[in-house]
Amino acid sequence: MDVILVGYGRMGHEIEQVLVERGHRCVARIDPKASGADARSLEEASAAADCAIEFANGEGVVDNARWYAAHAVPAVVGTTGWEAERDTVREIVESARTGYLWGANFSVGANLFFALVEAAGVLLDRFEDYDAMMFETHHRHKKDSPSGTALEAARRLLRVHGRKSDIVTEALQRPIEPHELHVASMRGGSVPGVHELTFDSPFDSITIRHSARTRAGFALGSVLAAEWLAGRSGFFSVDDFFADRLQG
Ligand SMILES: NC(=O)c1ccc[n+]([C@@H]2O[C@H](COP(=O)([O-])OP(=O)(O)OC[C@H]3O[C@@H](n4cnc5c(N)ncnc54)[C@H](O)[C@@H]3O)[C@@H](O)[C@H]2O)c1
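Residues numbered from 1 in each chain as written. Predicted model: local features only at pLDDT ≥ 70, side-chain atom pairs only at ≥ 80, totals over all residues. Heavy atoms only, no water.

Peer 1: Report on the packing of aromatic side chains, specifying residues and quantitative values.
Peer 2: This structure, assessed with the given rule, holds ten aromatic pairs. The interplanar angle of 90° and the centroid separation of 6.2 Å between the aromatic rings of W67 and Y68 together place this pair among those described as edge-to-face. Y68 shares its class with W67; the two are buried. In textbook terms, an aromatic cluster arises when at least three aromatic residues are bridged by ring pairs, as seen for W82, Y100, W102 and F235. In this structure, R86 is placed above the aromatic ring of W102, and the distance from its NZ or CZ to the ring centre is 3.6 Å. A cation over a ring is seen here: R232 above W228, with NZ or CZ 3.9 Å from the ring centre. (Phe/Tyr/Trp six-rings, centres within 6.5 Å; stacked < 30°, edge-to-face > 60°. Buried < 20%, exposed > 50% of the residue type's maximum accessible area, 1.4 Å probe, protein only. Lys NZ or Arg CZ within 6 Å of the ring centre and 35° of its normal.)

Now the structure itself:
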(Lines give C-alpha, C1' and ligand atoms only; values in the text may rest on other atoms or scores of the structure.)
Protein backbone atom coordinates (compact mmCIF):
# COMPACT_ATOMS: atom_id res chain seq x y z
CA MET A 1 0.00 0.00 0.00
CA ASP A 2 1.02 3.62 -0.59
CA VAL A 3 0.31 5.41 2.68
CA ILE A 4 0.09 9.07 3.71
CA LEU A 5 1.19 9.63 7.30
CA VAL A 6 -0.72 12.48 8.97
CA GLY A 7 1.18 13.58 12.06
CA TYR A 8 4.91 12.92 12.00
CA GLY A 9 5.58 12.95 15.72
CA ARG A 10 6.49 10.02 17.95
CA MET A 11 3.77 7.75 16.56
CA GLY A 12 4.25 8.86 12.97
CA HIS A 13 7.90 7.80 13.12
CA GLU A 14 7.02 4.40 14.64
CA ILE A 15 4.37 3.78 12.00
CA GLU A 16 6.77 4.64 9.20
CA GLN A 17 9.11 1.87 10.41
CA VAL A 18 6.32 -0.70 10.59
CA LEU A 19 5.09 0.29 7.13
CA VAL A 20 8.53 -0.36 5.66
CA GLU A 21 8.90 -3.66 7.57
CA ARG A 22 5.56 -4.88 6.19
CA GLY A 23 6.40 -3.94 2.60
CA HIS A 24 4.33 -0.74 2.34
CA ARG A 25 5.48 2.68 1.13
CA CYS A 26 5.16 5.98 2.96
CA VAL A 27 4.38 8.43 0.12
CA ALA A 28 3.89 11.61 2.20
CA ARG A 29 4.43 12.76 5.76
CA ILE A 30 2.08 15.60 6.74
CA ASP A 31 2.88 17.72 9.76
CA PRO A 32 2.68 21.48 10.36
CA LYS A 33 5.77 21.50 12.55
CA ALA A 34 7.85 18.32 12.44
CA SER A 35 11.19 18.32 10.67
CA GLY A 36 11.30 15.63 8.00
CA ALA A 37 7.68 16.25 6.98
CA ASP A 38 6.98 16.55 3.23
CA ALA A 39 4.03 18.94 3.60
CA ARG A 40 2.48 21.12 6.31
CA SER A 41 -1.14 20.18 5.53
CA LEU A 42 -3.10 17.64 3.51
CA GLU A 43 -4.03 20.39 1.01
CA GLU A 44 -0.38 20.43 -0.07
CA ALA A 45 -0.26 16.62 -0.46
CA SER A 46 -0.80 14.46 -3.50
CA ALA A 47 -4.07 12.50 -3.29
CA ALA A 48 -2.51 9.40 -4.81
CA ALA A 49 -2.47 7.03 -1.84
CA ASP A 50 -4.18 3.78 -0.86
CA CYS A 51 -4.61 4.86 2.75
CA ALA A 52 -3.86 7.55 5.32
CA ILE A 53 -2.78 6.82 8.88
CA GLU A 54 -3.36 9.75 11.23
CA PHE A 55 -1.82 10.11 14.69
CA ALA A 56 -1.85 13.88 15.11
CA ASN A 57 -3.93 16.38 17.09
CA GLY A 58 -7.67 16.20 17.82
CA GLU A 59 -8.26 19.74 16.53
CA GLY A 60 -7.45 18.71 12.94
CA VAL A 61 -9.58 15.56 12.80
CA VAL A 62 -12.70 17.03 11.14
CA ASP A 63 -10.80 18.95 8.42
CA ASN A 64 -8.69 15.90 7.72
CA ALA A 65 -11.81 13.69 7.49
CA ARG A 66 -13.21 16.10 4.88
CA TRP A 67 -10.00 15.75 2.86
CA TYR A 68 -10.02 11.93 3.01
CA ALA A 69 -13.68 11.89 1.94
CA ALA A 70 -13.13 14.33 -0.93
CA HIS A 71 -10.17 12.32 -2.24
CA ALA A 72 -11.65 8.85 -1.50
CA VAL A 73 -8.67 7.92 0.67
CA PRO A 74 -9.46 5.38 3.43
CA ALA A 75 -8.11 6.50 6.81
CA VAL A 76 -7.00 4.85 10.04
CA VAL A 77 -7.13 7.45 12.82
CA GLY A 78 -5.44 6.93 16.18
CA THR A 79 -5.58 10.58 17.26
CA THR A 80 -7.35 10.93 20.61
CA GLY A 81 -9.34 13.77 22.19
CA TRP A 82 -12.09 14.32 19.56
CA GLU A 83 -15.07 12.50 21.15
CA ALA A 84 -17.29 15.58 20.63
CA GLU A 85 -16.64 15.48 16.85
CA ARG A 86 -17.36 11.76 16.41
CA ASP A 87 -20.83 12.22 14.86
CA THR A 88 -19.65 14.98 12.51
CA VAL A 89 -16.88 12.75 11.21
CA ARG A 90 -19.26 9.79 10.89
CA GLU A 91 -21.59 11.90 8.71
CA ILE A 92 -18.70 13.03 6.49
CA VAL A 93 -17.52 9.43 6.00
CA GLU A 94 -20.96 7.91 5.48
CA SER A 95 -22.06 10.50 2.94
CA ALA A 96 -18.81 9.99 0.96
CA ARG A 97 -19.00 6.16 1.34
CA THR A 98 -15.30 5.90 2.06
CA GLY A 99 -13.53 3.80 4.69
CA TYR A 100 -12.60 5.25 8.09
CA LEU A 101 -11.37 3.32 11.12
CA TRP A 102 -10.72 5.12 14.40
CA GLY A 103 -9.61 3.96 17.82
CA ALA A 104 -8.20 5.18 21.10
CA ASN A 105 -5.86 2.21 21.28
CA PHE A 106 -4.57 0.09 18.44
CA SER A 107 -2.36 -2.21 20.47
CA VAL A 108 -3.21 -5.91 20.41
CA GLY A 109 -2.37 -6.25 24.12
CA ALA A 110 -4.62 -3.36 25.10
CA ASN A 111 -7.49 -4.84 23.14
CA LEU A 112 -6.95 -8.14 24.95
CA PHE A 113 -7.04 -6.06 28.16
CA PHE A 114 -10.48 -4.70 27.13
CA ALA A 115 -11.72 -8.27 26.58
CA LEU A 116 -10.38 -9.28 30.03
CA VAL A 117 -11.99 -6.21 31.66
CA GLU A 118 -15.36 -7.23 30.25
CA ALA A 119 -14.96 -10.85 31.32
CA ALA A 120 -13.89 -9.83 34.84
CA GLY A 121 -16.72 -7.29 35.04
CA VAL A 122 -19.26 -10.05 34.43
CA LEU A 123 -17.69 -12.45 36.96
CA LEU A 124 -17.04 -9.96 39.76
CA ASP A 125 -20.52 -8.48 39.48
CA ARG A 126 -21.70 -11.62 41.29
CA PHE A 127 -19.54 -10.91 44.37
CA GLU A 128 -20.61 -7.74 46.16
CA ASP A 129 -17.51 -7.56 48.37
CA TYR A 130 -15.40 -6.58 45.36
CA ASP A 131 -15.33 -2.92 44.38
CA ALA A 132 -13.87 -1.82 41.03
CA MET A 133 -11.45 1.09 40.39
CA MET A 134 -9.16 2.11 37.56
CA PHE A 135 -5.76 3.80 37.32
CA GLU A 136 -3.64 4.90 34.37
CA THR A 137 -0.13 6.34 33.95
CA HIS A 138 1.32 8.07 30.87
CA HIS A 139 4.38 10.09 29.81
CA ARG A 140 4.64 13.81 30.54
CA HIS A 141 3.81 14.86 26.94
CA LYS A 142 0.30 13.39 26.89
CA LYS A 143 -2.26 16.14 26.39
CA ASP A 144 -5.53 14.45 27.41
CA SER A 145 -6.49 12.87 30.70
CA PRO A 146 -7.78 10.30 31.48
CA SER A 147 -6.45 8.44 28.46
CA GLY A 148 -8.87 7.37 25.75
CA THR A 149 -7.92 3.79 26.61
CA ALA A 150 -8.88 4.21 30.27
CA LEU A 151 -12.21 5.76 29.36
CA GLU A 152 -12.89 2.96 26.86
CA ALA A 153 -12.06 0.29 29.44
CA ALA A 154 -14.27 2.08 32.00
CA ARG A 155 -17.21 2.29 29.58
CA ARG A 156 -16.86 -1.40 28.78
CA LEU A 157 -16.85 -2.26 32.47
CA LEU A 158 -19.99 -0.19 33.06
CA ARG A 159 -21.80 -2.03 30.27
CA VAL A 160 -21.38 -5.41 31.99
CA HIS A 161 -21.00 -4.54 35.69
CA GLY A 162 -24.37 -3.81 37.29
CA ARG A 163 -22.99 -2.14 40.43
CA LYS A 164 -21.19 0.70 38.60
CA SER A 165 -23.12 3.28 36.58
CA ASP A 166 -20.99 6.48 36.56
CA ILE A 167 -17.38 7.27 35.72
CA VAL A 168 -15.66 9.82 38.01
CA THR A 169 -12.34 11.24 36.81
CA GLU A 170 -11.61 14.15 39.16
CA ALA A 171 -9.60 14.03 42.38
CA LEU A 172 -12.24 13.27 45.00
CA GLN A 173 -12.60 15.45 48.09
CA ARG A 174 -15.42 13.22 49.38
CA PRO A 175 -16.11 9.49 49.82
CA ILE A 176 -16.85 7.77 46.53
CA GLU A 177 -20.41 6.51 45.99
CA PRO A 178 -20.83 2.74 45.47
CA HIS A 179 -22.20 3.24 41.93
CA GLU A 180 -19.23 5.43 40.90
CA LEU A 181 -16.16 4.04 39.11
CA HIS A 182 -13.11 6.14 39.88
CA VAL A 183 -10.70 6.49 36.93
CA ALA A 184 -7.53 8.20 38.18
CA SER A 185 -4.57 9.45 36.11
CA MET A 186 -0.91 10.17 36.72
CA ARG A 187 1.48 11.92 34.27
CA GLY A 188 5.26 11.99 34.13
CA GLY A 189 8.44 10.62 32.62
CA SER A 190 8.41 8.51 29.46
CA VAL A 191 5.84 5.83 30.40
CA PRO A 192 4.27 4.59 27.11
CA GLY A 193 1.05 3.66 28.96
CA VAL A 194 -0.09 1.58 31.95
CA HIS A 195 -3.75 0.73 32.64
CA GLU A 196 -4.98 -1.14 35.68
CA LEU A 197 -8.39 -2.37 36.71
CA THR A 198 -8.53 -3.46 40.34
CA PHE A 199 -11.30 -5.30 42.15
CA ASP A 200 -10.72 -4.81 45.84
CA SER A 201 -12.41 -6.61 48.73
CA PRO A 202 -11.81 -6.60 52.52
CA PHE A 203 -9.89 -9.87 52.03
CA ASP A 204 -7.82 -9.49 48.89
CA SER A 205 -7.34 -7.65 45.67
CA ILE A 206 -7.39 -8.69 42.00
CA THR A 207 -5.69 -6.47 39.40
CA ILE A 208 -5.70 -6.76 35.62
CA ARG A 209 -2.83 -4.69 34.25
CA HIS A 210 -1.74 -3.79 30.76
CA SER A 211 1.66 -2.20 30.45
CA ALA A 212 2.91 -1.03 27.04
CA ARG A 213 6.69 -1.38 26.62
CA THR A 214 7.12 0.69 23.47
CA ARG A 215 4.93 2.53 20.99
CA ALA A 216 5.67 -0.10 18.35
CA GLY A 217 2.65 -2.18 19.46
CA PHE A 218 0.29 0.72 18.66
CA ALA A 219 2.02 1.31 15.34
CA LEU A 220 1.72 -2.35 14.31
CA GLY A 221 -1.98 -2.41 15.23
CA SER A 222 -2.63 0.70 13.12
CA VAL A 223 -0.87 -0.78 10.08
CA LEU A 224 -2.72 -4.12 10.49
CA ALA A 225 -5.96 -2.10 10.69
CA ALA A 226 -5.05 -0.24 7.49
CA GLU A 227 -4.52 -3.59 5.75
CA TRP A 228 -7.94 -4.75 7.06
CA LEU A 229 -9.65 -1.53 5.93
CA ALA A 230 -8.47 -1.88 2.31
CA GLY A 231 -11.50 -2.57 0.12
CA ARG A 232 -14.08 -1.81 2.86
CA SER A 233 -16.26 1.28 3.15
CA GLY A 234 -17.94 2.52 6.31
CA PHE A 235 -17.25 4.17 9.66
CA PHE A 236 -15.47 1.52 11.73
CA SER A 237 -13.97 1.53 15.16
CA VAL A 238 -10.89 -0.45 16.10
CA ASP A 239 -13.30 -2.86 17.85
CA ASP A 240 -14.66 -4.00 14.51
CA PHE A 241 -11.16 -4.89 13.42
CA PHE A 242 -10.14 -6.63 16.68
CA ALA A 243 -13.47 -8.45 16.92
CA ASP A 244 -12.43 -10.17 13.69
CA ARG A 245 -8.99 -10.98 15.09
CA LEU A 246 -10.24 -12.18 18.51
CA GLN A 247 -12.83 -14.45 16.93
CA GLY A 248 -10.20 -15.92 14.65
N1 LIG B 1 -4.80 5.19 19.24
C2 LIG B 1 -3.61 4.79 19.70
O3 LIG B 1 -3.29 3.59 19.73
C4 LIG B 1 -2.63 5.83 20.12
C5 LIG B 1 -1.35 5.49 20.58
C6 LIG B 1 -0.45 6.52 20.89
C7 LIG B 1 -0.84 7.85 20.72
N8 LIG B 1 -2.10 8.13 20.28
C9 LIG B 1 -2.55 9.51 20.00
O10 LIG B 1 -1.96 9.89 18.75
C11 LIG B 1 -1.74 11.29 18.74
C12 LIG B 1 -0.28 11.59 18.44
O13 LIG B 1 0.54 11.02 19.44
P14 LIG B 1 2.14 11.24 19.40
O15 LIG B 1 2.65 10.58 20.63
O16 LIG B 1 2.70 10.86 18.08
O17 LIG B 1 2.19 12.84 19.58
P18 LIG B 1 3.33 13.85 19.09
O19 LIG B 1 3.04 15.14 19.81
O20 LIG B 1 4.69 13.23 19.21
O21 LIG B 1 3.05 14.03 17.53
C22 LIG B 1 1.90 14.63 17.04
C23 LIG B 1 2.31 15.34 15.76
O24 LIG B 1 1.11 15.74 15.07
C25 LIG B 1 1.38 17.01 14.48
N26 LIG B 1 0.11 17.65 14.15
C27 LIG B 1 -0.67 18.47 14.90
N28 LIG B 1 -1.77 18.84 14.22
C29 LIG B 1 -1.67 18.25 13.00
C30 LIG B 1 -2.48 18.25 11.84
N31 LIG B 1 -3.65 18.92 11.80
N32 LIG B 1 -2.09 17.54 10.76
C33 LIG B 1 -0.93 16.85 10.79
N34 LIG B 1 -0.11 16.80 11.86
C35 LIG B 1 -0.48 17.50 12.95
C36 LIG B 1 2.23 17.74 15.50
O37 LIG B 1 2.97 18.81 14.89
C38 LIG B 1 3.13 16.61 16.01
O39 LIG B 1 4.35 16.53 15.28
C40 LIG B 1 -2.25 11.81 20.11
O41 LIG B 1 -3.60 12.21 19.98
C42 LIG B 1 -2.14 10.56 20.99
O43 LIG B 1 -3.03 10.63 22.09
C44 LIG B 1 -2.99 7.16 19.99
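Peer 1: For the domain arrangement of the chain, give the residues involved together with the corresponding values.
Peer 2: Domain boundaries assigned for the chain yield domain 1 (2-106 + 215-246) and domain 2 (108-211). Facing twelve residues of domain 1, the contacting portion of domain 2 comprises 14 residues. The contact between domain 1 and domain 2 buries some 1,200 Å² in all, and 51% of this surface belongs to carbon and sulfur atoms. Scanning the region where domain 1 abuts domain 2 turns up one salt bridge. Of the charged contacts, one joins R156 and D239 as a salt bridge, the two residues approaching to 2.6 Å between their closest N and O atoms. Linking domain 1 with domain 2 are four residue pairs in polar contact (both at pLDDT 80 or more). Examining the composition of the side of domain 1 that touches domain 2, we find that four residues originate from one element, helix α7 (residues 238-246), more than from any other. (Domains from an automatic or database assignment. Contact = heavy atoms within 4.5 Å. Buried area = accessible area lost by both parts, 1.4 Å probe. Salt bridge = Lys/Arg side-chain N within 4 Å of Asp/Glu carboxyl O. Polar contact = N/O pair within 3.5 Å; in protein donor to acceptor, adjacent residues only side chain to side chain. Helix = DSSP H or I, 4+ residues; strand = E, 2+ residues; numbered from the N terminus.)

Peer 1: Can you lay out the pairing of strand β2 (residues 25-30) for me, pointing to particular residues and giving the numbers?
Peer 2: Looking down a regular strand, the side chains alternate between one sheet face and the other. For strand β1 (residues 2-6) and β2, the ladder comprises five bridges, and the chain directions are parallel. Counted as the bridge partner of L5 is R29 from β2. The β-α-β motif built from β1, the intervening helix α1 (residues 10-21) and the parallel element β2 has right-handed crossover chirality. (Pairing = 2+ DSSP bridges. Right-handed = clockwise from strand over helix to strand, strands pointing away.)

Peer 1: Go over the state of the cysteines, please, and point to the residues and values.
Peer 2: In total, this model carries zero disulfides according to the counting rule given. Looking at C26, it has no disulfide partner, and the nearest cysteine sulfur is the one in C51, 11 Å off. Assessed through its relative accessible area of 16%, C26 is described here as buried. Note on C51: relative accessible area 1%, which makes it buried. (Disulfide = S-S within 2.5 Å.)

Peer 1: Give a detailed account of the sheet that holds strand β8 (residues 180-187), specifying residues and quantitative values.
Peer 2: On the basis of which strands lie adjacent, the open sheet formed by five strands has the order β7-β8-β6-β9-β10 and mixed pairing. Because the sheet does not close on itself, it has two edges, and the strands there are β7 (166-168) and β10 (205-211). Strand-to-strand, the axes of this sheet are offset by a mean angle of 20°, without reference to chain direction. Alignment of strand β6 (residues 131-138) against strand β9 (residues 194-200), held across seven bridges, turns out to be antiparallel. Directly across from F135, in β9, lies its bridge partner E196. Against the sheet, helix α4 (residues 108-124) touches β9 and β10, its axis set at about 165° to β10. (Axes fitted to C-alpha atoms, helices over the stretch in contact; angles between N-to-C directions.)

Peer 1: Please provide a residue-by-residue account of a nonpolar patch on the surface, values included.
Peer 2: On the surface, V108, L112 and L246 cluster together into a nonpolar patch covering about 250 Å² of accessible area. For L246, the location among the structural elements is in helix α7. (Patch = residues over 30% accessible without salt bridge, like charges linked within 9 Å, V, L, I, M, F, W, Y side chains within 5 Å. Areas by Shrake-Rupley, 256 points an atom, 1.4 Å probe, with all protein chains shown as cover.)

Peer 1: Lay out the sheet that holds β1 in plain terms, naming residues and giving numbers.
Peer 2: Sheet architecture is open: six strands sit in the order β2-β1-β3-β4-β5-β11, paired in parallel fashion. Lying at the two open borders of the sheet, with one neighbouring strand each, are β2 and β11 (234-237). Strand-to-strand twist of the sheet, defined as the mean angle between neighbouring strand axes without regard to direction, takes the value 20°. Helix α2 (residues 61-70) contacts β1, β3 (51-54), β4 (75-77) and β5 (99-102) of the sheet and is inclined by roughly 175° relative to β3. Across the sheet, α7 lies against β5 and β11, angled at about 70° from β11, the strand it touches most.

Peer 1: If you had to explain the nonpolar core to someone new, which residues and values would you point to?
Peer 2: The biggest cluster of nonpolar side chains holds 27 residues, and the ones touching the most others in it are I15, L19, I53, V76, L101 and F241. Those elements giving two or more residues to this core turn out to be β1, α1, β3, α6 (216-229) and α7. Counting residues per element, this core draws most heavily on α6, at eight residues. Those residues within four positions of I53 in sequence are excluded, and the remaining contacts are V3, I4, L5, V6, I15, L19, V76, S222, V223 and A226. Core analysis: the second largest hydrophobic core is formed by 24 residues, L42, V61, A65 and A75 among them. (Core = buried A, V, L, I, M, F, W, Y, C linked by side-chain atoms within 4.5 Å.)

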